[in-house]
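Listed below are the residues making up each chain.
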Amino acid sequence: MELNKEFSKGVIDGIETLWHDKDEELLDFTVKVGEREFRCHRFVLAASSQFFRGLFRSGMRETETKSVELQDISRETFELVLKVAYTCKDVIDDRNVFDLWHAANQLQIKYLIEECEKFVLKILSLDTFEEIYKNSKMLDSFDVLRKTISFMIANFNSCRKSETVLRLTKDEIVEVVRSPDLVVKTEDFVLEYILNWVKFDPTKSCLIKSNDVVQPARITRKTKPDDEIIVATRGTEDKAIQSDDGFTRTSTEDTSLEFDLERLKTDADPTLDSADRENSENSDHYLEEQSQYQ
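Residues numbered from 1 in each chain as written. Predicted model: local features only at pLDDT ≥ 70, side-chain atom pairs only at ≥ 80, totals over all residues. Heavy atoms only, no water.

> Please give an account of the overall build of the protein chain that cites residues and values.
When helices and strands are tallied, the protein chain shows 17 helices and 9 strands. Within the span of the protein chain, comprising 294 residues, buried residues form 41% of the whole. A separation threshold of at least 6 residues defines the contact pool for the protein chain, and within that pool the share at least 24 residues apart is 57%. Approximately 17200 Å² of the protein chain is accessible, and the part contributed by carbon and sulfur atoms is 47%. (Helix = DSSP H or I, 4+ residues; strand = E, 2+ residues; numbered from the N terminus. Buried < 20%, exposed > 50% of the residue type's maximum accessible area, 1.4 Å probe, protein only. Contact = heavy atoms within 4.5 Å. Areas by Shrake-Rupley, 256 points an atom, 1.4 Å probe, with all protein chains shown as cover.)

Printed below as a string of structure tokens:
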């Protein structure tokens, strides 16, 4: 049956009047958040939130006392949640989106979760990607997480030294390094990143094997005036090279990106003696050694 927009608007307007009128005779449930108590309508809470719907059906003490106390949600955030439930108004902005996202997950409000996810993807940038990555991991928001990692890959040159990127899991670093969309100015940046990733947490060196992140790679050099962008992917690829005389020539090569994880592990472990670390004191020299392209 087709939805009648006028009927829908009438229902929404009717529920919104309950938000403004606060008729005590119809308010039948209390939600305590901090020191504040919110008088609410059970049917509105149940219609919006799977958490409240389950609570009302549970037969628990809260159903008898007709009240519940919420933890880990601020009163300001819960008031915004209620405003959405009663009025369907868009209250999300860049100052409250993460608090609302967490509250929507806690209260299992599906439509609010989806709107928060859409919003954070709209504001995804070099200034916000770390916060979005952290929260998407906490909230098991796989779609946002995947798109945030894709953003890191596309902006690897700018993101590679951030703490968030250095905290990536083994599976995530494999995804980054092996991605066909990875764009870097020089292949040394990839080696430098892997080294810094291990140095950031030396215990991770035992998690990764060279063939996890390194396969025969193609390094596609796209020559631009005064700049050279290298796209590191897999397979065989034509390579455009800017020659000294200013002409661009193309050659085909099957390139292998190789590095020694035992060396990475040695370089990252501060407990090893100076003799073991003698050849890895200079990180620039070390990276040059390890970036051998056949």
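> Account for the pattern of salt bridges, with residues named and values stated.
Two side chains with opposite charge may pair up if their charged atoms get near one another. This structure, assessed with the given rule, holds 13 salt bridges. Between Lys-118 and Glu-115 there is a salt bridge, and its shortest N-O distance comes to 3.4 Å. Taken together, the residues span about one helical turn, with Lys-118 and Glu-115 both in helix H7 (residues 110–122) at a distance of 3 residues. (Salt bridge = Lys/Arg side-chain N within 4 Å of Asp/Glu carboxyl O.)

> Tell me about the pairing of strand S2 (residues 36–40), and name the residues and values.
Both strand S1 (residues 29–33) and S2 contribute to a ladder of 5 bridges, which runs antiparallel. Within the sheet, the bridge partner assigned to Thr-30 lies in S2 and is Arg-39. Where S1 folds back on S2, the antiparallel hairpin that results is connected by 2 residues, among which Gly-34 adopts a positive phi of roughly 65°. (Pairing = 2+ DSSP bridges.)

> If you had to explain the side chain of Thr-164 to someone new, which residues and values would you point to?
Turning to its location among the elements, Thr-164 is positioned in helix H11 (residues 163–166). Sequence-distant contacts of Thr-164, defined by excluding residues within four places in its chain, comprise Glu-130, Tyr-133 and Met-152.

> Pulling in residues and values, what's your account of the side chain of His-41?
Structurally, the position occupied by His-41 is in the loop between S2 and helix H2 (42–48). For His-41, the residues in contact, after removing those within four places along its chain, are Leu-18, Leu-26, Leu-27, Asp-28 and Tyr-86.

> How would you sum up the nonpolar core? Please name residues and give values.
With 64 residues, the main nonpolar core has Val-31, Phe-52, Phe-78 and Tyr-193 as its most contacted residues. Sort the elements by how many residues they give to this core and helix H6 (residues 97–107) lands first, with 7 residues. In contact with Phe-52, not counting residues within four places along its chain, are Phe-29, Val-31, Leu-45, Ala-46, Val-68, Leu-70, Phe-78 and Leu-107. (Core = buried A, V, L, I, M, F, W, Y, C linked by side-chain atoms within 4.5 Å.)

> A description of the environment of Asn-105 should follow, citing residues and the corresponding values.
As for its placement among the helices and strands, Asn-105 is situated in helix H6. Separated by 56 residues in sequence, Asn-105 and Ser-49 place their C-alpha atoms 9.7 Å apart. Setting aside its immediate chain neighbours within four residues, Asn-105 contacts Ile-113 and Leu-139. Of note is the side chain of Asn-105, whose polar atom sits 2.8 Å from the backbone oxygen of Trp-101. (Polar contact = N/O pair within 3.5 Å; in protein donor to acceptor, adjacent residues only side chain to side chain.)

> Tell me about the sheet that holds strand S3 (residues 67–70), and name the residues and values.
Read across the open sheet, the 3 strands follow the order S2-S1-S3; overall the sheet is mixed. One side of each edge strand has no neighbouring strand; the edge strands of this open sheet are S2 and S3. Here the average twist between neighbouring strands, direction ignored, is 25°. Here S1 pairs with S3 via 4 bridges, running parallel. Bridged to Lys-32 within S3 is Glu-69. Set on the sheet, helix H5 (residues 75–87) makes contact with S1, S2 and S3; between it and S2 the angle comes to about 10°. (Axes fitted to C-alpha atoms, helices over the stretch in contact; angles between N-to-C directions.)

> Lay out the packing of helix H9 (residues 142–154) against helix H12 (residues 170–178) in plain terms, naming residues and giving numbers.
Interaxial distance between H9 and H12 falls to 10 Å at its minimum, and their mutual angle equals 45°. Judged by the inter-axis angle, H9 sits oblique to H12. Where H9 crosses over H12, the two elements pack in a sense that is right-handed. Residues Leu-145, Arg-146, Ile-149 and Ile-153 of H9 touch H12, and the partners they reach there are Glu-172, Glu-175 and Val-176. Along the lines of polarity and charge, the residues of the contact of H9 with H12 split into 4 nonpolar, no polar and 3 charged. (Parallel < 35°, antiparallel > 145°, perpendicular 65-115°, else oblique. Left-handed = near helix turned anticlockwise from the far one by under 90°. Nonpolar A, V, L, I, M, F, W, Y, C, P; charged D, E, K, R; others polar.)

> Before we move on, could you go through H9 and cite the residues and values that matter?
Under the 1.5 Å per step criterion, the end-to-end length of H9 is 18 Å for 13 residues, consistent within 8% with the ideal 18 Å. Listed in full, the buried residues belonging to H9 are Val-144, Leu-145, Thr-148, Ile-149, Phe-151, Met-152 and Ile-153. (Expected span 1.5 Å × (residues − 1).)

> Summarise the packing of aromatic side chains; cite the residues concerned and give the values.
Under the defined criterion, the tally for this structure stands at 9 aromatic pairs. With centroids separated by 6.1 Å and ring planes inclined at 40°, the aromatic side chains of Phe-129 and Phe-151 adopt a geometry described as tilted. With Phe-129 in helix H8 (residues 129–138) and Phe-151 in helix H9, this pair connects stretches of sequence that are 22 residues apart. Under the relative-accessibility criterion, Phe-129 is labelled buried at 3%. Seen from their ring centres, Phe-156 and Tyr-193 are 5.3 Å apart, and the 90° between their planes marks the pair as edge-to-face. (Phe/Tyr/Trp six-rings, centres within 6.5 Å; stacked < 30°, edge-to-face > 60°.)

> Provide a residue-level description of the packing of H6 against H7, including the pertinent values.
Angle between the axes and distance between the axes are the two parameters that describe a pair of packed helices. As a packed pair, H6 and H7 sit with axes 9 Å apart at the nearest point and diverge in direction by 150°. The angle between H6 and H7 places the two elements in the roughly antiparallel class. Where H6 crosses over H7, the handedness of that crossing is left-handed. Contacts from Val-97, Phe-98, Leu-100, Trp-101, Ala-104 and Asn-105 in H6 reach Leu-112, Ile-113, Cys-116, Glu-117, Phe-119 and Val-120 in H7.

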